[in-house]
Amino acid sequence: MKNNIIIIGSGFSSLAASCYLAKAGYNVTILEKNQTIGGRARQLKKNGFTFDIGPTWYWMPDVFERFFADFNKKPSDYYTLDKLSPAYSVYFGKNDLITIEDSLDKISETFEANEKGSSKSLDKFISNAKDNYDIAIKDLVYNPGVSPLELVSLTTITRLNQFLTNVKQDVRKLFKNDKLRKILEFPVLFLGAKPSNTPSFYNFMNYADFGLGTFHPKKGMYQVILAMENLAKELGVIINTNASVNKINVENEVAISVESNNVEYEADIILSGADYWHTETLLDEKYRQYSQKYWEKKVFAPSALLFYVGFDKKVKNVEHHTLFFDVDFDVHATAIYDKPQWPEDPLFYASFPSITDNSTAPKGKEAGIFLIPLAPGIEDTEDLRETYFNKIISRLENLTSQKVTEHILFKESFCVKDFEKDYNSFKGNAYGMANTLMQTAFLRPKLKSKKVKNLYFTGQLTVPGPGVPPSLISGKLVSELISKHH
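First things first, this report covers the structure right here in the doc. The shown structure was predicted, so the numbers you read here are calculated from the model rather than taken from an experiment. (Residues numbered from 1 in each chain as written. Predicted model: local features only at pLDDT ≥ 70, side-chain atom pairs only at ≥ 80, totals over all residues. Heavy atoms only, no water.)

## Digging into the overall build of the chain
Helices and strands together make up the secondary structure of the chain, namely 15 helices and 19 strands. Against the globule reference of 23 Å for 486 residues, the chain gives a C-alpha radius of gyration of 22 Å, in line with a compact fold. C-alpha atoms of the chain, sized along the principal axes, occupy 65 × 55 × 45 Å. Across the 486 residues of the chain, 58% fall into the buried class. Residue pairs at least 24 apart in sequence account for 73% of intrachain contacts in the chain once pairs closer than 6 positions are excluded. Here the chain displays about 19600 Å² of accessible surface, and carbon together with sulfur accounts for 49% of that area. Of the charged side chains in the chain, 58 are positive and 58 negative; the average position of the first set lies 2 Å away from that of the second. (Helix = DSSP H or I, 4+ residues; strand = E, 2+ residues; numbered from the N terminus. Rg over C-alpha atoms; globule rule 2.2 N^0.38 Å. Buried < 20%, exposed > 50% of the residue type's maximum accessible area, 1.4 Å probe, protein only. Contact = heavy atoms within 4.5 Å. Areas by Shrake-Rupley, 256 points an atom, 1.4 Å probe, with all protein chains shown as cover. Lys, Arg positive; Asp, Glu negative; His and termini not counted. Charge placed at Lys NZ, Arg CZ, Asp CG, Glu CD.)

Structure, rendered in structure tokens:
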């Protein structure tokens, strides 16, 4: 008889796991608390505009290809990818920007123009990053985080020192130009920690950036969620929305069912892709693996203040992805990681998908997504949101030499309270747990419960870590673990 599996949540990791488990012959039902699937990767549609609420960067296309190939499919069976050219721009001051093009050769020319001799340093740096990327993808990230021995191989032993130094040290040894340094330190922010706290090995994110490039799925990142939904349903997965789970029932230390909307769903196996901390609050206290003190001590990736803005005209002097690094990164980072508070002068990121995708805004208009990284758990009020919106729009206008305020048709915001409400996110974090040295691989929360049989976890608080590609991988890892034990 086939085992019945209940999956809590419908983000990337849950959808990936559902596909693998259904393919392996299990009866799979997903319970999603929100009206639409996708977890953090939902969409907002308003007045002819379409915004990705969550992830907007499509990096590491090989991970997506590998996922779909496991089902004899290709991403192109479901959605169309465009490689962005240029990939993104970074502002350092008024009319002072560096544009990162769509090939390593072009990027090398840009580096050389800003620092003589830096193209050779970049070649060395990216070559090492590519080697690390190959090792990470082939040997490391597809391990379930069960044992420290997973990190031990001939290739990783030769790179042991790269777990003892950090990305910031490496970048600053090779490059003198502060702008180039900031650009090279930027990709590891996707891992949720400061470059000074991220092991050197993780420079493989720079290869993902410069070597593989930045892509955009036509109609937005939500197309990937819809693709995975289609695949899951083809494989027989049942998906129920508006189905918030409020209890996991355990009998004789075995998970037996979940409760949602006064309905009890019996299950042979329960898998949660919801926030790990929240999932354990659904258990009686004696069955929780990690205490509140444990979670409080961990380094969490930032939360974020996001704005989704409709403009009645095209915005000038920006790219699809535009970063605003015209203020001191270290000061902002201190406000996130060391002394949690609202940053006085925040770095921010803006995405204008309608520059390359006319499906995201009416003709002649622009869709803008703005993100300010914040410390999780800080105060979140409408007044603060409005204050910071005015700050970043004023800076956008000044840095790009244009007026846009009077051309705003509407704006919607999303911040700490919304991450808590919509995703049951610990302290309203946006990206999960940071990938610092002491929170890597087997040192992260486990995929399999140590206290409750038949209870499993997946997603960005467990292995491999934060980000969309790691979430796909997490779904595969937990499905393999379930198949191994059941």
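Let's pick the thread back up.
## Some details on unusual backbone geometry
Backbone phi values are negative for most residues with the exception of glycine, while trans is the configuration of most peptide bonds. Proline 86 follows serine 85 through a cis peptide bond whose omega is 0 degrees. A cis geometry characterises the amide bond from valine 463 onward to proline 464, with omega recorded as -5 degrees. Along the chain, the position of proline 464 falls in the loop between β19 (455–457) and α15 (468–485). Although it is not a glycine, lysine 219 sits at a positive phi angle of roughly 80 degrees.

## Some remarks on helix α9 (residues 222–234)
For α9, built from 13 residues, the straight-helix expectation of 18 Å at 1.5 Å per residue is met to within 8% by its first-to-last C-alpha distance of 18 Å. By the burial criterion, the buried members of α9 are Tyr222, Gln223, Val224, Ile225, Ala227, Met228, Glu229, Leu231 and Ala232. Backbone geometry just after α9 places glycine 236 at a positive phi near 100 degrees. (Expected span 1.5 Å × (residues − 1).)

## Remarks on the nonpolar core
Core analysis: the biggest nonpolar cluster contains 108 residues, and Leu21, Phe67, Tyr88, Tyr133, Phe210, Met228 and Ile482 have the highest contact counts within it. For this core, the leading source of residues is helix α4 (residues 118–140), giving nine residues. Every residue in contact with isoleucine 482, bar those within four places of it in the chain, is listed here: Ile5, Leu21, Tyr26, Ile269, Leu271 and Tyr456. Counting residues in hydrophobic clusters, the runner-up holds 27 residues, among them Tyr91, Ala350, Phe370 and Phe389. (Core = buried A, V, L, I, M, F, W, Y, C linked by side-chain atoms within 4.5 Å.)

## Let's talk about the pairing of strand β7 (residues 96–100)
In the sheet, strand β6 (residues 88–93) pairs with β7 via five bridges, with the strands oriented antiparallel. Bridge pairing in β7 links tyrosine 91 to leucine 97. Where β6 folds back on β7, the antiparallel hairpin that results is connected by two residues, among which asparagine 95 adopts a positive phi of roughly 55 degrees. (Pairing = 2+ DSSP bridges.)

## Looking at the pattern of salt bridges
Taken as a whole and judged by the stated rule, the model has 23 salt bridges. Here glutamate 234 and lysine 73 are joined by a salt bridge, their closest N and O atoms 3.7 Å apart. Of this pair, glutamate 234 sits in helix α9 while lysine 73 sits in the loop between α2 (61–69) and β5 (81–83); the two residues are 161 residues apart in sequence, bridging distant segments of the chain. Note that aspartate 418 is salt-bridged to arginine 385, the shortest N-O span being 2.8 Å. You can see aspartate 418 sitting in helix α14 (residues 416–423) and its partner arginine 385 sitting in helix α13 (residues 382–400), a full 33 residues away along the chain. Given the relative accessible area of 6%, arginine 385 is considered buried. The structure contains a network of salt bridges with shared partners spanning Arg42, Lys421 and Asp422. (Salt bridge = Lys/Arg side-chain N within 4 Å of Asp/Glu carboxyl O.)

## Points about the sheet that holds strand β17 (residues 366–374)
Strand order across the open sheet formed by seven strands is β7-β6-β15-β16-β17-β14-β18, with mixed pairing between neighbours. Only two strands of the sheet have a single partner each, and these edge strands are β7 and β18 (408–414). On average, adjacent strands in this sheet sit at an angle of 20 degrees to one another, irrespective of strand direction. As judged from the nine bridges shared by strand β14 (residues 303–311) and β17, these two strands associate in the antiparallel manner. Pairing of phenylalanine 307 across the sheet is with phenylalanine 370, part of β17. (Axes fitted to C-alpha atoms, helices over the stretch in contact; angles between N-to-C directions.)

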